[in-house]
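Read off the chains here:
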Amino acid sequence: MTDRFFPYRIDRRFQAPLWMLGVRDGVDGVTLTGDGRFRATFGLLRLETELENLSGAHVTTGYRWYKAIGPRLSFVDDGLTFGTNTDAGVCVHFDQRVRRVIGFRDHSAVTVTVADCDGLVEAIG
């Protein structure tokens, strides 16, 4: 199997602050690797786990900009967001928590605002 890359859809209104965080259009996003890994990059931040650790994924929509743009932690749980737009993203759930990227707790889910949300959900299956 070859790598499948899902770049972020970057809202141009937020491009400058995201650029300052190191997020690059067409470079950062989610990769499902040929050797069975899920990798999400967001500038210098990176979350990685085995594809077998993914327990599901679904599309979420309609975010508020102040809750969606940038790297964010959920106030409700230990979820992580790599946000680049306010329209839509994919929430990916893990069987086993993934080592924390930011914050103090390991993550049970990550939301990624990729350009092809339905494609990522389908690829994760």
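Provided above is the structure to which this section pertains.
Residues numbered from 1 in each chain as written. Predicted model: local features only at pLDDT ≥ 70, side-chain atom pairs only at ≥ 80, totals over all residues. Heavy atoms only, no water.

**Q** It is not clear to me how the sheet that holds strand β9 (residues 107–112) should be interpreted in this structure. Could you clarify?
**A** Within a beta sheet, neighbouring strands are joined by backbone hydrogen bonds and run either parallel or antiparallel to one another. Within the open sheet, the five strands sit side by side as β5-β8-β9-β7-β6. Their pairing is mixed. A strand with exactly one partner marks an edge of an open sheet, and here the two such strands are β5 (54–61) and β6 (70–73). Adjacent strand axes in the sheet meet at a mean angle of 20° when their direction is disregarded. In this fold helix α3 (residues 117–124) packs onto β5, β8 (88–98) and β9, with an angle of close to 165° to the strand it touches most, β5. (Pairing = 2+ DSSP bridges. Helix = DSSP H or I, 4+ residues; strand = E, 2+ residues; numbered from the N terminus. Axes fitted to C-alpha atoms, helices over the stretch in contact; angles between N-to-C directions. Contact = heavy atoms within 4.5 Å.)

**Q** Looking at this structure, I do not really get the pattern of salt bridges. What am I missing?
**A** Oppositely charged side chains may form a pair once their charged atoms are brought near each other. On inspection of all chains with the given rule, the structure shows nine salt bridges. Measuring nitrogen to oxygen at the nearest pair gives 3.0 Å for the salt bridge that ties E48 to R37. Residue E48 is located in strand β4 (residues 45–50), and its partner R37 is located in strand β3 (residues 37–42); the two are separated by 11 residues in the primary sequence. Ionic pairing is found between R105 and D78, a salt bridge with its closest N-O pair at 3.7 Å. One end of the pair, R105, is in the loop between β8 and β9; the other, D78, is in the loop between β6 and β7 (80–83), and 27 residues separate them in sequence. What makes R105 exposed here is its relative accessible area of 52%. Exposure remark for D78: the relative accessible area of 4% places this residue in the buried category. If you follow the salt bridges from partner to partner, you end up with R37, R39, R46, E48 and E50 in one network. (Salt bridge = Lys/Arg side-chain N within 4 Å of Asp/Glu carboxyl O. Buried < 20%, exposed > 50% of the residue type's maximum accessible area, 1.4 Å probe, protein only.)

**Q** Would you mind showing me how to read the packing of aromatic side chains here?
**A** What describes a pair of aromatic rings is the distance from one ring centre to the other and the angle between the planes of the rings. In total, this model carries four aromatic pairs according to the counting rule given. With a centroid separation of 5.8 Å and 75° between ring planes, the pair formed by Y8 and F42 is classed as edge-to-face. One end of the pair, Y8, is in the loop between β1 (4–7) and α1 (15–20); the other, F42, is in strand β3, with 34 residues separating them in the sequence. Each member of the pair Y8 and F42 is classed as buried. (Phe/Tyr/Trp six-rings, centres within 6.5 Å; stacked < 30°, edge-to-face > 60°.)

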